[in-house]
Amino acid sequence: MKKILLALVVMLATFAASAQKTASLSAKALESGKSTGTFVFLMPSDITTAQVDEVKGYYKQYFTVNYNQVKHEATLVLIENKEMNKRVILRFLSSLGTRTVNVDGTDKTLEDFFDNDLK
């Protein structure tokens, strides 16, 4: 019985560790961001300001990042509204453990999000 319980606990812990994090934004905010170069993502609640501060410096030639931990909002302002800068948004999201983006209730992989919505 102990072995079964231990196996179950290990499986649940493994599943929880591999759970995907999702950032979200509305289609309206996405369209606005594509024209203005400012994107506001609602980030997973476990993302901290320290985590954002740790990774945002790598992307400063592409965009600036302001993170509101109370609202869990990451505001990215592109330095230039170019495709490369938008592609680097995926690296930023990925570096925070985000694997999908939810646009108006539809989860998309980072690549699908870029190809179908961000480009």
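Up top you'll find the structure we're talking about.
Residues numbered from 1 in each chain as written. Predicted model: local features only at pLDDT ≥ 70, side-chain atom pairs only at ≥ 80, totals over all residues. Heavy atoms only, no water.

**Here we look at the pairing of strand E3 (residues 63-68)**
Now for step 1: Alternating residues of E3 divide into Phe 63, Val 65 and Tyr 67, all buried, and Thr 64, Asn 66 and Asn 68, none buried.
Now for step 2: The sheet contact formed by E3 and strand E4 (residues 73-78) spans six bridges and is antiparallel. By the bridge assignment, Tyr 67 is partnered in E4 with Ala 74.
Now for step 3: Connecting E3 to the next strand, E4, in antiparallel fashion are four residues, including His 72 with a positive phi near 60°. (Buried < 20%, exposed > 50% of the residue type's maximum accessible area, 1.4 Å probe, protein only. Helix = DSSP H or I, 4+ residues; strand = E, 2+ residues; numbered from the N terminus. Pairing = 2+ DSSP bridges.)

**A word on the environment of Met 84**
Now for step 1: Summarising the element assignment, Met 84 is placed in helix H4 (residues 83-95).
Now for step 2: Given the relative accessible area of 41%, Met 84 is considered partly exposed.
Now for step 3: Not counting chain neighbours up to four residues away, the residues in contact with Met 84 comprise Tyr 62 and Arg 91. (Contact = heavy atoms within 4.5 Å.)

**Focus: the packing of aromatic side chains**
Now for step 1: A complete count under the given rule lists six aromatic pairs for this structure.
Now for step 2: Aromatic pair Phe 41 and Phe 113: ring centres 6.2 Å apart, planes at 70°, arrangement edge-to-face. Of this pair, Phe 41 sits in strand E2 (residues 38-42) while Phe 113 sits in helix H5 (residues 110-118), and the two are 72 residues apart along the sequence.
Now for step 3: On the basis of relative accessible area, Phe 41 is assigned to the buried category, the value being 0%.
Now for step 4: With centroids separated by 6.1 Å and ring planes inclined at 85°, the aromatic side chains of Tyr 59 and Phe 92 adopt a geometry described as edge-to-face. Taken together, the residues span a long stretch of sequence, with Tyr 59 in the loop between helix H3 (49-56) and E3 and Phe 92 in helix H4 at a distance of 33 residues. Here the two residues Tyr 59 and Phe 92 agree in accessibility, since each one is buried.
Now for step 5: Aromatic rings pair up to connect Tyr 58, Tyr 59, Phe 63 and Phe 92 into one cluster.
Now for step 6: Over the ring of Phe 114 we find Arg 87, and its NZ or CZ is 4.0 Å from the ring centre. (Phe/Tyr/Trp six-rings, centres within 6.5 Å; stacked < 30°, edge-to-face > 60°. Lys NZ or Arg CZ within 6 Å of the ring centre and 35° of its normal.)

**Regarding the pattern of salt bridges**
Now for step 1: If you walk through the whole model with that rule in mind, you get six salt bridges.
Now for step 2: Measuring nitrogen to oxygen at the nearest pair gives 3.4 Å for the salt bridge that ties Lys 56 to Asp 53. Placement of both Lys 56 and Asp 53 in helix H3 is noted, with a separation of three residues, approximately one turn of the helix.
Now for step 3: Assessed through its relative accessible area of 42%, Asp 53 is described here as partly exposed.
Now for step 4: Between Lys 108 and Asp 117 there is a salt bridge, with its nearest N and O atoms 2.6 Å apart.
Now for step 5: On the basis of relative accessibility, which here comes to 19%, the residue Lys 108 falls in the buried class. (Salt bridge = Lys/Arg side-chain N within 4 Å of Asp/Glu carboxyl O.)

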